[in-house]
Structures are given as C-alpha cells and as structure tokens.
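Here are the chains, one letter per residue:
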Amino acid sequence: AVQGWMEEDRISLADIFAAGDEVADDPAEAGPSQQEPVSEEAAWTAEVGAVRLEQGQVDWRSPFTDPPSLQVRPIDASAEGLRWPLAGDTDLSVEVAVNAQARASIQGALALADGAGKLGYALEGLPLSWFNPNFPPELKARITDGALQVKGEVGLAEFAPTQITADGAIKDFAGQVEGEESSITTLETVRWQVLSVDLEQRQISLQQLSIDDYSGRLHIRDDGSINTQNVWQEQVGDEAEELAEDLDLDDPWKVDIPAIRVTDSQIDFMDESLPIHFRTVIGDLNGEVLGISTASGAEAEIDMAGSVDGYAPVALVGTAAPLNTPPALDLTLTFDGVDMALLTPYSGTYAGYAIERGLLNLDLAYSLQEGQLEGNNKVVIEQLKLGDKVDSEQALDLPLELALALLTDINGVIDIALPVSGNLDNPEFDVGGIIADAFINLITKAATAPFALLANLVGAEEDLQRVNFGSGSAELNDAGRVKLDQLSSAMAQRPGITLVIMGRLHPEADYKRLREQQLASELKADGLSQEEIEAKGPDWGKAIRKRYATLPGAEEEATDVQQFKAVRDSVVVPAAAINRLLQDRSVAVKTYLVNETGLGADRAVIEQVSAEDEANQFS
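Cut-offs used in this document
- Numbering of residues starts from 1 in every chain and runs along the sequence as written.
- Restriction of local features to residues with pLDDT of at least 70 applies here, the model being predicted, together with a cutoff of 80 or more for giving and counting side-chain atom pairs; totals for whole chains, interfaces and linings are based on all residues.
- Excluded from the side-chain calculation are hydrogens and water; included are all heavy atoms of the structure.
- Only DSSP runs of H or I with at least four residues qualify as helices, and only runs of E with at least two residues qualify as strands; both kinds are numbered from the N terminus onward.
- Two things to know: the radius of gyration comes from C-alpha atoms, and the globule rule equals 2.2 Å times the number of residues to the power 0.38.
- Type-normalised accessible area, obtained with a 1.4 Å probe on protein chains alone, sets the label of each residue: buried when under 20%, exposed when over 50%, and partly exposed for intermediate values.
- To measure how exposed things are, a 1.4 Å probe is used in the Shrake-Rupley method; for residues, cover is taken only from the protein chains shown.
- All tallies of charge rest on Lys and Arg as positive and Asp and Glu as negative; His and the ends of each chain are not included.
- By convention, the charge on Lys lies at NZ, on Arg at CZ, on Asp at CG and on Glu at CD.
- We call a set of buried Ala, Val, Leu, Ile, Met, Phe, Trp, Tyr and Cys residues a nonpolar core when their side-chain atoms join them within 4.5 Å.
- Here, residues are in contact when the closest pair of their heavy atoms is within 4.5 Å.
- What counts as a salt bridge is simple: a side-chain nitrogen of Lys or Arg found within 4 Å of a carboxyl oxygen of Asp or Glu.
- Each patch is built from residues lacking any salt bridge and having more than 30% relative accessible area; the joining distance is 9 Å for like charges and 5 Å for nonpolar side chains (Val, Leu, Ile, Met, Phe, Trp, Tyr).
- The angle between two axes is taken between their N-to-C directions and runs from 0 to 180 degrees, where each axis is a line fitted to C-alpha atoms and a helix contributes only its stretch in contact.
- Angles are sorted into four bins: roughly parallel if under 35 degrees, roughly antiparallel if over 145, roughly perpendicular if 65 to 115, and oblique for all others.
- For this scheme, ten residues count as nonpolar: Ala, Val, Leu, Ile, Met, Phe, Trp, Tyr, Cys and Pro. Four count as charged, namely Asp, Glu, Lys and Arg, and the remainder, Gly too, count as polar.

**A short note on the overall build of the chain**
Scanning the chain from terminus to terminus reveals 12 helices and 22 strands. Computed over C-alpha atoms, the radius of gyration of the chain comes to 44 Å, more than 25% over the 25 Å expected from 2.2 N^0.38 for 619 residues, which places it beyond the range of a compact globule. Here the C-alpha coordinates of the chain stretch approximately 160 × 45 × 40 Å along the principal axes. Taking all 619 residues of the chain together, the buried fraction comes to 35%. Accessible area of the chain: about 37,000 Å², with a carbon and sulfur share of 52%. Seen as two clouds, the 43 positive and the 106 negative side-chain charges of the chain have centres 18 Å apart.

Dropping the structure here:
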C-alpha cells in the first residue's frame, strides 16, 4: 500500500528517496558505487519464475484529475520469466480499479532486452470529466459527463509504441460552455471499430465510426457572438500557429475512414440577436458518410436525412473531399415544407414584415473545384402571406409586397433561382453576402421593372407597360390589342397583381390633332358638311381664308397651307377635351382587357390624371 501526492514539480515518493548533498571523506565509508566493479569472469546470472503483487493499493493526490484524490485498489500484477542478463520475453499482467469506477488491464509479452513486444489493453468505465484539469485555461468549456471504454493492442519497439489498435466507445457524453446552464453537446454513444494507428508509416485507418443520439446546440447570442466562439480564447491562436510550424507537413499522415454513421441525432439552433428570438431543431438526423480518405482523387459519399421541427424533411446528399489539397465538394442540401411563419423573427428584422403563413422549399446545390465555388439556390415558396409591418432598424428598404406579387404565380407559388459563384481564395468572398445580394437584386429588379418580368412570362419582346394610340385618338390599333392580349396572359399567371391604367398625352402630336378636330367641329357648326371638310373642297378653303384674315399679323401672300396651319394653331382646345382624351384612352384599355381578354374588372383600375401634370406627358 502506497500513499503519495504530486504538487507542481514535487512528488512525495521522490522526496523520500532523495540523496543528501554530503559525500564521505573516507573511501571505506563510501557506498557500493565507490567499490571496485565485479569482473566479467565472475558475472552473475539470475532468473525469477514469477513476481506477483496481489491486493495492492495506491492512494494518490494530484492536480491532474478531478477529483484530485484517486484510490487505485485493488492492484493485481504479475511478471513471469525474468532473466539476467536480459533475454527472452517476459509475460506481464496488470489489473487495477480506480475509485471503484474505472477498471483497466494490460496483458502481453515484452522483451526487456530491446523493448520489443505486444501488449493487450482494456479500459472500462473511465469518467471523462476526471481529465478537465488537464485542459488549457483558454478552453472555456468542460466535460460534464461521459465514460470511456476501449480495448486493443499496442506494438512496441525500443519500449516506444509503433502500432496501436483499438475498439471502443464513449457513452453518455456531455460538454458545457463556461457560464452556460445547458450542455452545448451531448451524445448517447460514439463507437469506433478497428481503429489502427501505424506510427512508423504515419497511417490511420478506422473501419467504422458510429454516432448515436448526438445533440448539438448552436446559439447566437444577443451580441451576435456564437456559443462555440467562446470556447477558445484568442491567445490559443498563437499557440496553434507555433504547433503548425512544428508539424512535419512534408510527410503527411494517410487517413482512411470507410464509414461514419449517424443515427437519431439533432441540432438545436437558437438566435437571440433578433428583436424576436428564433429557435428551431433539425432532428431525426440519420445517415452516413462513406469513403473519407487522403488518397489522391478519393471522394466521400454523403447521405444524411432529417427533419425541421419534427415534420419538414431535410437532406444532404453528394460527395466531398475534405482531406484533399485543395478540398472539393459537390453537395445538395434540400428543405421541404418549412413553415415560414416560424421565420418571422428574420423577416421582421431584415424585411420589415411578419409572416402569417407560407411553406418554404429549398434546393441548394454547391460545387467546389480548385477553390472556385459554383452554387445554385432554388427557392420555392407556397401560399405566402405577409403579416403586419415590423419596426426594425435593420430592415432593408425594399418594395417587398409588389415584388412578391410579381413573383407569385396563379397557384400561389414563388419559384426563383439564385445562382452564386466566387473564389474562396479571395479574402472578401462571402457566400452568405453574395446570396443576400442576389436576393435583394431580384426583389429590386422585380419591383422596378415589373413589366419586363411580365413580358418574360409570355415571351414578349416589346414593352407591355405602354400602349400607343393614334394622335388625338382613343381607339386601339392592332398593335395595341396584341400587347394587351400578352399583358392579360401574363397577369393571369400573377393573380396578385392589380393593374393601374393611366392615360398619357403627347403634347405636340395630340394637341395638333385635337385642334384639327376642334376646327372641324366649328366649321361644321358654320354649315360645312363632313364630306367638304374631309375633301378640303372650295367651301372649306373659303372658310379657312376667312378665318385667317381675322388673325393678328395675317399676310396676304400666305399660301393656303400656311393659312390652314395658322388657323389650326389659333384654335383653343378646352382642358376638358384634353382630359377626356386621357380618360377615353384608359377606358379603351380596360374595356378591351375586361371584355375581350377576360381579365377581372377588379384587377384593372383607372386612375384619374390631368394633362397639366408633366408626369402624364411624353415626347
């Protein structure tokens, strides 16, 4: 039975056997080291059949475990076949129990002469929390639960391990960030099968890694930091750089992991950085990753499936080569049927609207080759309905309602694709920022050029926003009717859109024509017939010359054409007649859309406009 302790650089047993500083003056009083060596001819040989220790115990206290006091009992050990001079194999056996929780054993044969041998080992029930004091102070996390069990063999050469094999598991693991009430990570079982480490050949192979009932927690705090960010303090970065410099990167390790399997796992996501806190769980995660390897050209196959909040399927499928240089991937991540009402914390914060209802389907496909990332984000939203406006300083100034109406089809579906690309070697490249910019550009383009979007729906090449009329006329021509047919067809595909119809005026052409119409009306009132006016006959000419003579500045030598223009330009067109033309044009458009194309009357609204407003004039 032994009792002892370790504190800083002191070990109690070493203090017991520490030699004094005094040296004997008389050689006769000196110890055995001062005597003459025994000659080789008289060398002794010795052999011990077996040495056994039974029911031993060690009570030890050290700063490297929690609890600091360890009771190692019982200790049963044996060594068989001890020889001097050293020769042959010695059979070794050790069995211990620690604090009545962990049990360990070693059995095998070791050649004490050169340190070659093979030892089998087993460990069961070792609490991982015992090792918390060994973690660096910069690590702001601790193990709160979990037990290790492992068994395997160690091959030795010159008393140093050359090959290690292991089968083992960690059960009921839990880790917690300092200051957090709940665990950041828990799992029921991590099990590895046929782990083999060849230290001489620098090879690691693991036949299978199984993870069961893993639960991870990703928490964005109100200050925008992430819980995992707080695990390591910044000074660890310098130490990591120093470690990287010491690694022999010219002779890298070879790694092969044929299979990683995940069952019944989940990730709990919480975002408290938003005015309205958001939380969701991606659970029921099951799947596998096959073929992780550092071999040239090796690609791992990924097939994972789960659900959001227990009902909306999510899947990650594809290939990846994370250990290659440079890394590569070709992955597709899909979400089906996510209730968008749950996303109100994000829509309210960044778009300024709550979401009453809607189903979100995402199909995100990304490829990475030689540092170049190519991605396509396919977004399908069904039955979306915005709720109340939300006051948010972070909300973007976007015409969201109009854009959504333009993007929503007759079935209440928004189907858009947002391609992205970039080079990961560019320090300014940000995948999230590029996706956000693409989405903002799409919304902005839809709202600022809505008729271009409508034209694309029906393959129209012309501008559907404007319908041309003859000068001074409110009668549709063939070209105008074709445009309205196309516009109605496009609006049938976008039932959320209401058309506002406004008459426009071409000041020069329309006023000239209106004056001619007004002059013709006055000439008819003076007794001329419509035929005479249209034919511009003799009586029409007399009437024009008579009117011209009354104009200020009339010249006798003016031609008939000059006199007609002067008379026409002198006609005053009533403002009511001009505004009536604008209104008649609007009515003509709506009448055709409703009566000829079948557009609902409530989807085309005439807006009263004034010719005096320059916004209603074009050149």
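So, next bit.
**A short note on the nonpolar core**
By size, the foremost hydrophobic cluster in this structure holds 51 residues, and its most contacted members are Leu360, Leu454, Leu484, Leu487, Leu499 and Leu593. Sorting elements by how many residues they give to this core places strand E18 (residues 353-369) first, with seven residues. If sequence neighbours within four positions are ignored, Leu454 has contacts with Leu406, Leu464, Leu487, Ala490, Arg494 and Ile497. Ala102, Leu128, Ala300 and Met304 belong to the second-largest nonpolar core, a separate cluster that totals 32 residues.

**Focus: the pattern of salt bridges**
Opposite charge on two side chains permits pairing when their charged atoms draw close. What the rule picks out here adds up to 17 salt bridges. In this structure, Lys385 engages Glu356 in a salt bridge whose closest nitrogen and oxygen atoms are separated by 3.4 Å. Taken together, the residues Lys385 in strand E19 (residues 372-389) and Glu356 in strand E18 connect sequence positions 29 residues apart. The shortest N-O distance in the salt bridge between Asp510 and Arg585 comes to 2.9 Å. Of the two residues, Asp510 sits in helix H8 (residues 507-525) while Arg585 sits in helix H12 (residues 575-595), which places them 75 residues apart along the sequence. Asp510 gets classed as buried once you look at its relative accessible area, which sits at 2%. Counted as one network, the salt bridges with shared partners bring together Arg513, Glu516, Arg568 and Asp569.

**Comments concerning a nonpolar patch on the surface**
A cluster of nonpolar residues, Val2, Ile11, Leu13, Ile16 and Phe17, forms a patch on the protein surface that exposes about 470 Å² of accessible area. Turning to its location among the elements, Val2 is positioned in strand E1 (residues 2-7). Overall, Val2 belongs to the partly exposed group, its relative accessible area being 34%.

**Topic: a negative patch on the surface**
The grouping of Asp145, Asp172, Glu188, Asp213, Asp264 and Asp284 at the surface amounts to a negative patch. By relative accessible area, which is 48% here, Asp284 ends up partly exposed.

**Observations regarding the packing of helix H6 (residues 450-458) against helix H7 (residues 478-492)**
Packing of H6 against H7 brings their axes to within 9 Å, and their N-to-C directions diverge by 90°. Here H6 is positioned roughly perpendicular relative to H7, judged by the angle of their axes. Contact residues: H6 offers Phe451, Leu454, Leu457 and Val458, while H7 offers Gln486, Leu487, Ser489 and Ala490. Along the lines of polarity and charge, the residues of the contact of H6 with H7 split into six nonpolar, two polar and no charged.

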